[in-house]
Amino acid sequence: MTAPVVAGYDGSPESLAATEWAAREARRRACPLDLLQAWPWPHQDVVGSEETYRNALDGLERRAQELRALAGDGPVTSAIVPTDPAEALEAVGKSAALLVLGSRGLGAVRGFLVGSVSQEVLRRADCPVVLVRAEAEESEGPVLVGLDLTHPMDDVLAFAFDAAARRRAPLRVVHVWSPPVSSQYTALQAVGGLGELASVDRARFAEQVTPWQERHPEVSVTADLIQGSRSVDLVDAAAGARLLVVGRRVRRTLLGAHLGPVAHAAIHHVRCPVALVPHG
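Calculation criteria
Residues numbered from 1 in each chain as written. Predicted model: local features only at pLDDT ≥ 70, side-chain atom pairs only at ≥ 80, totals over all residues. Heavy atoms only, no water. Helix = DSSP H or I, 4+ residues; strand = E, 2+ residues; numbered from the N terminus. Buried < 20%, exposed > 50% of the residue type's maximum accessible area, 1.4 Å probe, protein only. Contact = heavy atoms within 4.5 Å. Areas by Shrake-Rupley, 256 points an atom, 1.4 Å probe, with all protein chains shown as cover. Salt bridge = Lys/Arg side-chain N within 4 Å of Asp/Glu carboxyl O. Phe/Tyr/Trp six-rings, centres within 6.5 Å; stacked < 30°, edge-to-face > 60°. Lys NZ or Arg CZ within 6 Å of the ring centre and 35° of its normal. Axes fitted to C-alpha atoms, helices over the stretch in contact; angles between N-to-C directions. Parallel < 35°, antiparallel > 145°, perpendicular 65-115°, else oblique. Nonpolar A, V, L, I, M, F, W, Y, C, P; charged D, E, K, R; others polar. Core = buried A, V, L, I, M, F, W, Y, C linked by side-chain atoms within 4.5 Å. pLDDT = per-residue confidence, 0-100.

Asks: When you look at the overall build of the chain in this model, what are you seeing that I'm missing?
Replies: Secondary structure assignment for the chain yields nine helices and 11 strands. Counting all 280 residues of the chain, 46% fall into the buried class. Excluding contacts between residues fewer than 6 apart, the proportion of contacts in the chain whose partners are at least 24 apart in sequence is 79%. Looking at the chain as shown, the accessible area adds up to about 14,000 Å², and 52% of this sits on carbon and sulfur atoms.

The structure is reproduced here in structure tokens:
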């Protein structure tokens with residue numbers, strides 16, 4: 001069976017935006033759409049708990065009905081699970097094609113609020129996770145993917161090229177690089193070494209991107225190598241994009257899984273939907 005697109009739902013404006021985006025994505029992929037509401041319900045003997053549960057079920061089913069036409073021919077299912085939301089979403093992510101979550105805006109200066117549940121799922125999910133902004137209009141711009149040349153990123157590029165192909169959109173591939181620390185930077189300038197450094201990056205860039213261009217000749221690709229700050233310049237580059245795709249390295253520490261600075265900046269400051277794709 002085709003893996004589903006799974007969207008988290010809790011009735012909030014951000015979950016309405018997330019489920020609508022997920023329905024459109026399920027239609028593009030011709031796959032099932034699953035709506036999941038997770039809530040660690042109180043014990044049955046708590047007054048009003050049964051009525052609250054029934055109201056939540058009714059609201060979830062209404063949302064599923066609203067999305068059936070938008071989701072295309074694939075089935076649309078909904079379920080409430082009585083467990084911790086982050087744990088529930090992480091569990092379904094093991095068999096999902098994609099998880100879709102919502103976030104709400106805090107204003108142009110402060111960026112976007114990403115709740116604790118979403119942050120846990122973004123850090124730990126086995127499948128790609130897309131974060132959708134409440135009340136953000138969908139752009140007709142390119143799909144943008146941020147490329148890190150220090151690690152293999154086939155999973156990230158595969159997702160980005162597939163997303164662009166399904167949307168019949170151009171793909172912009174961006175790698176932001178920084179010169180070495182100050183003393184080395186001065187020495188390299190004196191001997192003309194920065195040009196050589198950039199040429200090495202260009203070769204690595206082509207080595208990663210070219211095979212995917214050959215697999216997706218229908219996708220129009222623009223490639224950019226930008227000197228600057230990866231977090232700042234990738235956020236700036238995403239202005240006008242319809243989707244930003246960034247990698248999330250699968251790495252564990254004594255403190256648990258965590259997001260790198262680029263992914264952190266993207267989920268808090270990029271206006272368009274952001275896809276975090278786990279890679280080796």
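Asks: I keep staring at the pattern of salt bridges and nothing clicks. Help me out?
Replies: On inspection of all chains with the given rule, the structure shows 14 salt bridges. Residue Asp162 pairs with Arg166 through a salt bridge whose shortest N-O separation is 2.7 Å. A residue pair is termed a helical-turn pair when its members lie 3 or 4 positions apart in one helix, as Asp162 and Arg166 do in helix α5 (residues 154-167) at four residues. The exposure class assigned to Asp162 is partly exposed, which follows from its relative accessible area of 23%. Judged by relative accessible area, which is 35%, Arg166 ranks as partly exposed. Members of the salt-bridge network, linked through shared partners, are Glu25, Arg28, Arg29 and Arg167.

Asks: Help me understand unusual backbone geometry in this model?
Replies: Leave glycine aside and you will find that most residues have negative phi; peptide bonds, for their part, are mostly trans. Positive phi, normally seen in glycine, also occurs at Ala30, with a value near 55°. Among the structural elements, Ala30 can be located in the loop between α1 (13-29) and β2 (33-38). Unlike most non-glycine residues, Arg168 shows phi in positive territory, near 50°. Relative to the helices and strands, Arg168 is located in the loop between α5 and β8 (171-177).

Asks: Mind showing me how you'd approach the packing of aromatic side chains here?
Replies: Any aromatic ring pair is given by two values, namely how distant the centres are and how the planes are angled relative to each other. Enumeration over the complete set of coordinates arrives at zero aromatic pairs. Taking NZ or CZ as reference, Arg215 lies 4.1 Å from the ring centre of Trp212, over its face.

Asks: Would you explain the packing of α1 against α5 in this entry?
Replies: When two helices pack together, you describe them by how their axes are tilted relative to each other and by the distance separating the axes. Two elements in contact, α1 and α5, have axes separated by 10 Å at closest approach and are oriented at 85°. The pairing of α1 with α5 is recorded here as roughly perpendicular in orientation. Together, Trp21, Glu25, Arg28 and Arg29 of α1 and Phe159, Asp162, Arg166 and Arg167 of α5 make up the contact between the two elements. Its residues placed into classes, the contact of α1 with α5 shows two nonpolar, no polar and six charged.

Asks: What is the right way to look at the nonpolar core in this model?
Replies: Most often, soluble globular proteins keep nonpolar side chains buried together rather than apart. Counting 45 residues, the largest nonpolar core has Leu33, Val100, Leu171 and Val245 as its most contacted members. Of all the elements, α5 adds the most residues to this core, at seven residues. Sequence-distant contacts of Val100, defined by excluding residues within four places in its chain, comprise Val5, Val6, Ala7, Gly8, Ala18, Trp21, Ala22, Val130 and Val132. Residues Leu131, Leu144, Ala237 and Ala238 belong to the second largest nonpolar core, which totals 35 residues.

Asks: What's the story with the confidence of the model for the chain in this structure? I'm lost.
Replies: Keep in mind that low pLDDT regions are not for reading the predicted coordinates in detail. Per-residue confidence for the chain gives a mean pLDDT of 84, with 82% of residues at or over 70. Considering each helix and strand of the chain separately, the mean pLDDT is smallest for helix α6 (residues 182-191), with a value of 49, and largest for α5, with 97. Considering only residues more than four positions removed or in separate chains, one finds that residues 190-194, a stretch of pLDDT under 50, has six contacts.

Asks: Could you clarify how one ought to interpret the environment of Pro4 in this entry?
Replies: With respect to the helices and strands, Pro4 occurs in the segment before β1 (5-8). Along the backbone, Pro4 and Val92 are 88 residues apart, and their C-alpha atoms lie at a distance of 9.7 Å. Those residues in contact with Pro4, other than ones at most four positions away along the chain, are Cys31, Pro32, Asp34, Ser95, Ala96, Ala97 and Leu98.

Asks: How do you make sense of the environment of Leu144 when you look at a structure like this?
Replies: With respect to the element layout, Leu144 can be found in strand β7 (residues 143-146). Taking the relative accessible area as the measure of exposure, Leu144 reaches 1% and is therefore buried. The spacing of Leu144 and Leu243 is 99 residues in sequence and 6.2 Å in space, taken between C-alpha atoms. Every residue in contact with Leu144, bar those within four places of it in the chain, is listed here: Arg172, Val174, Leu234, Ala237, Ala238, Ala241, Leu243, Leu244 and Val245.

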